[in-house]
Amino acid sequence: MRVLLVGAGGVGTAVTRIAARRPFFDLMVVADYDPARAEAAVAAVGDDRFRAERVDAGDEAAVAALLARHGCDVLLNATDPRFVMPLFRAARKAGADYLDMAMSLSRPHPSRPYEECGVKLGDEQFALAGEWEQAGALALVGMGVEPGLSDVFARYAADELFDGIEEIGIRDGANLTVDGYDFAPSFSIWTTIEECLNPPVVYERERGWFTTAPFSEPEVFDFPDGIGPVECVNVEHEEVLLVPRWVDARRVTFKYGLGGEFIETLKTLHLLGLDRTTPVTVPGADGPVAVSPRDVVAASLPDPATLGERMRGKTCAGTWVRGVKDGQEREVYLYHVVDNEWSMAEYGCQAVVWQTALNPVVALELLATGAWSGSGVLGPEAFPARPFLDLLTEYGSPWGLREQ
């Protein structure tokens, strides 16, 4: 397998460090708009299977040319969601398979944003599914940790733990702190703003997909491995758009443990218009400059990839499932916990970006060995869960199951 990895930020760098320990690929080209980042990621692994390149993720022709020049079989997208569609189209143009960790962006309903869906996450990709299927090519979408591993858990629950499922709820929480910062998100603030301030989507069999207000339906969820109770709220996320396509459940939700202070900060950014992506004109040294307010916010905060030495605690991603097995009601939580102290010591990567990066590498290995195969635009639920979970454990990062 020959891989083009686009994006050498925190997650992309973690991908290289995880993949370097595995033999399933022959070449991984690490490409970034900033060539220094790509070169640093490659230099850190000290493995001649890796090469650094510069590419603009928004330039479809350049990405397609890079895929062709290196004879890459698959494009792994480790950029933020703005670049999903150009990279998705570039892979199709070059005849390569494609894998991402977040899907094409949504757009709220123009008049009823908190009741009805507008353009949903992934709609642009699924609209092109026929092209991929006809070509016999695969676009594996939403294959990070959430979405990704959480979707694999949903498929595992449906196949092996339940006869019928009432509800699937993705629940994400952590007890991470960052020394020396009052506000320092552990993941891309650009993506976090997108997820948290868009109308959350809920799925119900009788209604299909519909929306609700941001931060709605708060609940306290008790997370394992010492993390403990965390208040979680509805957030827009890909699992709600993916799971019902392949797993039969009456209701699907996603709730994120943000914390009151984080929620108030996001609300303030929205109130001030600092969550917007449309450029505004500001004075510059050489005259007026057009800048995106959200990009300014991101540039003003520390890079999450650099926070590992200051971070303390654990992060947990998981899938809560309620249903029936052998005529009896059952409720379980399938989960994956990463301790920042461990991920820093073992890989030099902070816990959140390492946990995100781990799962696409596992998926790539399954595709390389033929344990997973398919064509079209498919989510993780479209594949058998057991090979993934077994390989995840082989990577030295086991998962857990708790009866509720």
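This one's a predicted model, so the numbers in the text were calculated from it and none came from an experiment.

Thresholds applied
Starting afresh in each chain, residues are numbered from 1 along the sequence in its written order. Given that the model is predicted, a residue must reach a pLDDT of at least 70 before its local features are reported, and side-chain atom pairs must reach 80 or more before they are shown or counted; all residues, however, enter totals for whole chains, interfaces and linings. Only heavy atoms go into the side-chain values, all of them from the structure, while hydrogens and water stay out. Where helices and strands are cited, they refer to DSSP runs of H or I of at least four residues and of E of at least two residues respectively, numbered from the N terminus. Two things to know: the radius of gyration comes from C-alpha atoms, and the globule rule equals 2.2 Å times the number of residues to the power 0.38. For every residue, the accessible area (1.4 Å probe, protein chains only) is compared with the maximum for its type, and the residue is labelled buried under 20%, exposed over 50%, or partly exposed between those bounds. In this analysis, two residues are considered to be in contact whenever any of their non-hydrogen atoms come within 4.5 Å of each other. The protein chains shown are the only cover counted for residues, whose accessible areas, like all others here, come from Shrake-Rupley with a 1.4 Å probe. Charge counting follows a simple rule: Lys and Arg are positive, Asp and Glu are negative, and His as well as the terminal groups are ignored. Charge coordinates come from a single atom per side chain, which is NZ of Lys, CZ of Arg, CG of Asp or CD of Glu. A residue counts toward a patch only above 30% relative accessible area and without a salt bridge, and it is joined to like-charged neighbours within 9 Å or, for Val, Leu, Ile, Met, Phe, Trp and Tyr, to nonpolar neighbours within 5 Å. The rule for a salt bridge is simple: a side-chain nitrogen of Lys or Arg has to be within 4 Å of a carboxyl oxygen of Asp or Glu. The criterion is simple. A nonpolar core is a set of buried Ala, Val, Leu, Ile, Met, Phe, Trp, Tyr and Cys residues joined through side-chain atoms within 4.5 Å. Centres within 6.5 Å are what make two rings of Phe, Tyr or Trp a pair, Trp counting through its six-membered ring; a difference in plane orientation under 30 degrees is then read as stacked, over 60 as edge-to-face, and the rest as tilted. Comment: axis = line fitted to C-alpha atoms, over the contacting stretch for helices; angle = value between 0 and 180 degrees taken between N-to-C directions. Roughly parallel covers angles under 35 degrees, roughly antiparallel covers those over 145, roughly perpendicular covers 65 to 115, and oblique covers all other angles. Each crossing gets its handedness from the near helix: less than a right angle anticlockwise from the far helix is left-handed, clockwise is right-handed. Put simply, Ala, Val, Leu, Ile, Met, Phe, Trp, Tyr, Cys and Pro go in the nonpolar bin, Asp, Glu, Lys and Arg in the charged bin, and everything else, Gly too, in the polar bin. Both cavities and pockets are sets of points on a 1 Å grid over the protein atoms alone; in a cavity a 1.4 Å probe fits but cannot get out, in a pocket the set is open with protein on both sides within 12 Å along at least five of seven lines, and lining residues sit with an atom within 4 Å of a point. Grid points are joined across faces, edges and corners, and a volume is the space filled by probe spheres set on the points.

1. Details of the overall build of the protein chain
Assigned secondary structure in the protein chain consists of 14 helices and 20 strands. For 404 residues, the compact-globule estimate of 2.2 N^0.38 gives 22 Å, and the protein chain sits close to it at 20 Å. Within the protein chain, the proportion of its 404 residues that are buried is 56%. Partitioning the intrachain contacts of the protein chain with sequence separation of at least 6 by distance along the chain shows that 69% fall at a separation of at least 24. A total accessible area of about 16000 Å² is found for the protein chain, and carbon and sulfur atoms account for 48% of it. Taking the average place of the 35 positive charges on the side chains of the protein chain and the average place of its 61 negative ones, the gap between the two points comes to 2 Å.

2. Remarks on the environment of L364
Looking at the element boundaries, L364 is found in helix α13 (residues 351–369). Accessibility expressed as a relative area gives 0% for L364, which makes it buried. When the C-alpha atoms of L364 and V3 are compared, they prove to be 9.0 Å apart, with 361 residues separating the residues in sequence. Not counting residues up to four positions away in its chain, the partners in contact with L364 are M1, V3, F24, V74, L76 and L99.

3. Let's talk about a nonpolar patch on the surface
Side chains of L271, L272 and L274 sit close together on the surface and give an oily, nonpolar patch of about 320 Å² of accessible area. Of note, L274 is situated in the loop between α10 (260–271) and β14 (280–282). On the basis of relative accessibility, which here comes to 30%, the residue L274 falls in the partly exposed class.

4. Digging into the pattern of salt bridges
Evaluation of the coordinates by the stated rule reveals 29 salt bridges. Note that D123 and K120 form a salt bridge whose closest N and O atoms lie 3.4 Å from each other. Salt bridges sharing partners connect three or more residues here, namely E167, R171, E204, E217, E219, R251, K255 and R322.

5. Focus: the environment of F215
Here F215 is to be found in the loop between β10 (208–211) and β11 (219–223). For F215, a relative accessible area of 12% gives the class buried. As a C-alpha pair, F215 and E381 span 166 residues in sequence and 26 Å in three-dimensional space. With residues up to four places along the chain from it excluded, the contact list for F215 reads C196, L197, P200, V233, N234, L258, I263, L266 and K267.

6. Focus: helix α7 (residues 149–161)
α7 sits mainly inside the fold: ten of its 13 residues count as buried. Those residues of α7 not exposed but buried are L149, S150, D151, V152, F153, A154, R155, Y156, A157 and L161.

7. Points about the nonpolar core
Judged by nonpolar contacts, the single largest core of 87 residues is most densely connected at M28, V30, I168, W372 and F388. Of the residues forming this core, the biggest block, ten residues, is contributed by α13. Ignoring anything within four residues of it in the chain, the contact list for F388 reads M143, L149, V152, N359, V362, A363, L366 and W372. Counting residues in hydrophobic clusters, the runner-up holds 29 residues, among them L4, L67, Y98 and A139.

8. Concerning the packing of aromatic side chains
By the definition in use, this model includes 20 aromatic pairs. Ring centres of F223 and Y333 lie 6.2 Å apart, and the angle between their planes is 75 degrees; on these two criteria the pair is classed as edge-to-face. Taken together, the positions of F223 in strand β11 and Y333 in strand β18 (residues 328–339) put the pair 110 residues apart, joining distant regions of the chain. Of the residues examined, Y333 reaches a relative accessible area of 0% and is grouped as buried. A centroid spacing of 5.8 Å and a plane angle of 15 degrees characterise the contact between Y333 and Y335, whose relative ring orientation is stacked. Owing to a relative accessible area of 15%, Y335 belongs among the buried residues under this scheme. Among the aromatic residues, ring-to-ring pairing joins F221, F223, Y333 and Y335 into one connected group.

9. A look at the packing of helix α1 (residues 10–19) against α13
Where α1 meets α13, the axes come as close as 8 Å, and the angle between the chain directions of the two elements is 55 degrees. As judged from the angle between their axes, α1 and α13 are oblique. Once α1 is placed against α13, the crossing between them reads as right-handed. For the pair formed by α1 and α13, the contact residues are G10, V11, A14, V15, I18 and A19 on the first element and V353, W354, T356, A357, L358 and V361 on the second. The class makeup of the residues in the contact of α1 with α13 is ten nonpolar, two polar and no charged.

10. What to know about the layout of surface pockets
Taken as a whole, the second largest pocket spans an internal volume of roughly 400 Å³. Considering the residues around the second largest pocket, the lining is formed by 20 residues, among which L197, N198, H270, D275 and R294 are closest to the centre. If one sorts the elements of the lining of the second largest pocket by residue count, helix α8 (residues 189–197) sits on top with four residues. For the lining of the second largest pocket, the class distribution of residues is ten nonpolar, five polar and five charged.

11. Some points on the packing of α13 against helix α14 (residues 385–394)
Interaxial distance between α13 and α14 falls to 10 Å at its minimum, and their mutual angle equals 120 degrees. The pairing of α13 with α14 is recorded here as oblique in orientation. In this structure, α13 meets α14 at a crossing whose hand is right-handed. Between α13 and α14, the residues in contact are L358, N359, V362, A363, E365 and L366 and P387, F388, L391 and L392, respectively. Residue composition of the contact of α13 with α14, grouped by class: eight nonpolar, one polar and one charged.

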